[in-house]
Amino acid sequence: MLERTKSDVLITPYGGKLVNLVVPAEAREELMAQATHLPSVQISSRALCDLELLAVGGFSPLDRFMGQNDYERVLEEKRLKNGTLFPLPITLTINPDDLPNYADAITLCDARNNVIAIMQIEEVFEWDRNREALLTLGTNDPRHPLCSEMVRWGKLCISGELKVIDLPKYNDFVDLRRTPAQTRELLNRMGNSNVVAFQTRNPMHRIHEELTKRAAEEVNGSLLIHPVVGLTKPGDVDHYTRVRVYQALTENYYPQERTLLSLLPLAMRMAGPNEAVWHAIIRRNYGANHFIVGRDHAGPGKDGTGKPFYGPYDAQEMLAQYEEEIGVKMVPFEELLYLPDEDRYVEAKEVKDGRRVLTISGTEVRDEYLAKGRLLPEWFTRRETAEILAEMYPPLHKQGVCIWFTGLSGSGKSTTAEVLTSILLERGRQVTVLDGDVVRTHLSKGLGFSREDRDTNILRIGFVAGEIVRHNGTVICAAISPYRSTRNEVRKMVGEDKFVEVFVDTPIEVCEQRDVKGLYARARRGQIKGFTGVDDPYEPPRNPELTLQTVGVSPELNAIKIAEYLEQRGFILPNGWNGYKE
């Protein structure tokens, strides 16, 4: 480890120094002129987050998107080509058609075509999506949010020197968006050589407050509350709401002289154990030498069979294995319980038999409080937090929901959806219907039936559905949507807890008998190519919210079954009760 200067009491950055790829002000004008003459590539939100952290040193010692040697060794050994531990690949992918053949550099732009950087193209190599997923995530299950996203990444990886002209611009919480160098300066002023970082992508409650304060006392140092405000798990509480909570807590309930709130523009991978080690490395670059890791750290939830992707303590065990090498000590998130008779939190292992405890699970927070418009109790969360969450999350029957019908052509999706629409309108829900055939006439006019075009069609429906749900509307989508990974991508767009997948499980023989348009017959004769169920596969859902049978069951009964499920979940109120009292 490098020696610290007298003015720097913090641990050195990972690799010895912070990378800085932002060009000096005097070089900016010349490079901007150069950028206008180069082919440009619009990079994704994920790649933009990665580029920003490369530029400011958050990913030190990396100074570029990984080349092939680094990439291969990271996949196989969790190490860069020089042996430095680094558990996850950081790559920039591109489609072959977007790779220029007349220039050895490209301009990288954001979604609005703002110039961010110039990149020399020094390496181009192919990558294998399934291999990367298995080696870094431990799965290629499309229910993993990154797996379903990777399907749409470019087929080639490119790497080379980066000259960053402008960092991404933000208009929210500007004073809290700090680079590693800026964060380290503020932590240095506090004068503590020990810093414990807290990673969060959720609102903080009293238990988190208690834990973080104890951790700072335990290490006798400063506390860095460092929430992710880039890409997190789809369906998470938005960062605007979360940061308002963090601000209220840090300003009112934490000691100012040893607490720093700063935002991290990270694109999470939800990679569990590997991500915990990665998060610790990133926090070292920001000045922390201790890192809090909770149960199922960076876990994406459950797989297609309903089982968690990672064990509850896998992340803690992996970071403990590498903590000495990376110089960041793991602080486990101990289970705390509230003793109402003593008005305090204690570790679960300290609670003796017979003592009264109060707990509220994450599911109860969502289903028993926010969904029903009840304020969370003050023993569980600060009143400021409860009021912010209540303001942003109305009762569930006033929030948005997407009912997504999937099944073969002729299975009965549209017929059941039509009945369900009437039921929901009767129950006080305003409904938008996005039927596959109608959408192809308007939203997706001009698309064919190749796999790529089918995916584009479904993703367009999913985007519109997500916007409707985000604005607290009800949307019913009825489309074949044959591919599992694409449906899971739509689930991410809408939000896991607002997406109800309804599999209309009708045998293909029955669908053919119902086919008044003769599409199946034409497909059997070869007059239609790539017809789902005939010469193109239909991938049934592995774990849908509802499965419907239509042989011997009427559309009316199936629609009632869906309505009962929505009532059970809280998306519609019990029949005869509209939610208002005199």
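Before any of the text, the structure's been laid out above.
Here's what I pulled together on the structure shown here. (Residues numbered from 1 in each chain as written. Predicted model: local features only at pLDDT ≥ 70, side-chain atom pairs only at ≥ 80, totals over all residues. Heavy atoms only, no water.)

**Description of the side chain of arginine 177**
(1) Moving on: Positionally, arginine 177 belongs in the loop between β7 (162–164) and α6 (180–190).
(2) Moving on: The exposure class assigned to arginine 177 is buried, which follows from its relative accessible area of 18%.
(3) Moving on: If we skip the residues at most four places from it in the chain, arginine 177 touches Tyr170, Asp172, Gln182, Val229, His239 and Leu263. (Helix = DSSP H or I, 4+ residues; strand = E, 2+ residues; numbered from the N terminus. Buried < 20%, exposed > 50% of the residue type's maximum accessible area, 1.4 Å probe, protein only. Contact = heavy atoms within 4.5 Å.)

**What to know about the pairing of strand β15 (residues 401–406)**
(1) Moving on: Within β15, six of the six residues are buried, which leaves the element mostly enclosed by the surrounding structure.
(2) Moving on: Both β15 and strand β17 (residues 474–478) contribute to a ladder of five bridges, which runs parallel. In the strand pairing of β17, valine 401 is matched with threonine 474.
(3) Moving on: Taken together, the five bridges between β15 and strand β18 (residues 499–504) define a ladder with parallel strand orientation. (Pairing = 2+ DSSP bridges.)

**As for the side chain of arginine 484**
(1) Moving on: By secondary structure assignment, the location of arginine 484 is in helix α16 (residues 484–494).
(2) Moving on: Notably, arginine 484 is buried but unbridged: the nearest opposite-charge side chain belongs to glutamate 539, and the N-O separation is 4.4 Å.
(3) Moving on: In contact with arginine 484, not counting residues within four places along its chain, are Pro142, Glu539, Pro540 and Arg542. (Lys, Arg positive; Asp, Glu negative; His and termini not counted. Salt bridge = Lys/Arg side-chain N within 4 Å of Asp/Glu carboxyl O.)

**Some points on the sheet that holds strand β16 (residues 431–435)**
(1) Moving on: Spatial strand order, β16-β17-β15-β18-β19: five strands in an open sheet with parallel pairing. Since the sheet does not close on itself, it has two edges, and those belong to β16 and β19 (546–548), each with one partner. Sheet twist, expressed as the average angle between the axes of neighbouring strands with direction ignored, equals 20°.
(2) Moving on: Summarising the sheet, β16 and β17 pair through five bridges and their orientation is parallel. Within β17, the residue paired with leucine 434 across the bridge is cysteine 477.
(3) Moving on: α16 rests against β15 and β18 of the sheet, and its axis sits at about 150° to β18.
(4) Moving on: On the sheet, helix α19 (residues 555–569) packs against β15, β18 and β19 and is oriented at approximately 170° with respect to β19. (Axes fitted to C-alpha atoms, helices over the stretch in contact; angles between N-to-C directions.)

**Thoughts on the packing of helix α13 (residues 413–426) against α19**
(1) Moving on: Their axes nearest at 8 Å, the elements α13 and α19 cross at an angle of 50°. Classified by the angle their axes make, α13 and α19 are oblique. Two packed elements cross with a definite hand, and for α13 against α19 that hand is right-handed. Contacts from Thr415, Thr416, Val419, Leu420, Ile423 and Leu424 in α13 reach Pro555, Glu556, Asn558, Ala559, Ile560, Ile562, Ala563 and Leu566 in α19.
(2) Moving on: Per-class residue counts for the contact of α13 with α19 are ten nonpolar, three polar and one charged. (Parallel < 35°, antiparallel > 145°, perpendicular 65-115°, else oblique. Left-handed = near helix turned anticlockwise from the far one by under 90°. Nonpolar A, V, L, I, M, F, W, Y, C, P; charged D, E, K, R; others polar.)

**Regarding the environment of phenylalanine 380**
(1) Moving on: Within the fold, phenylalanine 380 resides in the loop between α11 (362–369) and α12 (383–392).
(2) Moving on: Along the backbone, phenylalanine 380 and tyrosine 338 are 42 residues apart, and their C-alpha atoms lie at a distance of 8.2 Å.

**Focus: the sheet that holds strand β9 (residues 222–225)**
(1) Moving on: Taken in spatial order, the five strands of this open sheet run β10-β9-β8-β11-β12, and their pairing is parallel. Only two strands of the sheet have a single neighbouring strand rather than two, namely β10 (259–261) and β12 (329–332). Direction aside, neighbouring strands of the sheet carry axes that sit 25° apart on average.
(2) Moving on: Bridge count between strand β11 (residues 290–293) and β12: four bridges; the pairing is parallel. When the bridges of β12 are listed, phenylalanine 291 appears paired with methionine 330.
(3) Moving on: The strands that helix α7 (residues 206–219) touches are β8 (195–198), β9, β11 and β12; relative to β8, the one it contacts most, it runs at about 160°.

**Describing the pattern of salt bridges**
(1) Moving on: Evaluation of the coordinates by the stated rule reveals 37 salt bridges.
(2) Moving on: The residue aspartate 172 makes a salt bridge to arginine 177 at a minimum N-O spacing of 3.0 Å. In terms of burial, aspartate 172 and arginine 177 fall into one category: buried.
(3) Moving on: Between glutamate 209 and arginine 382 there is a salt bridge, and its shortest N-O distance comes to 2.7 Å. Pair noted here: glutamate 209 is in helix α7 and arginine 382 is in the loop between α11 and α12, with a separation of 173 residues, a long-range link.

**Remarks on the packing of helix α8 (residues 239–253) against α12**
In helix packing, the relevant descriptors are the interaxial angle and the interaxial distance, both defined with respect to the helix axes.
(1) Moving on: Taken N-terminus to C-terminus, the directions of α8 and α12 make an angle of 165°; their axes are 9 Å apart at the nearest point. When the axes of α8 and α12 are compared, the pair comes out roughly antiparallel. Two packed elements cross with a definite hand, and for α8 against α12 that hand is right-handed. For the pair α8 and α12, contact is made by Thr241, Arg244, Val245, Ala248, Leu249, Asn252 and Tyr253 and by Glu384, Thr385, Ile388, Leu389, Glu391 and Met392, respectively.
(2) Moving on: For the contact of α8 with α12, a count of residues per class yields seven nonpolar, three polar and three charged.

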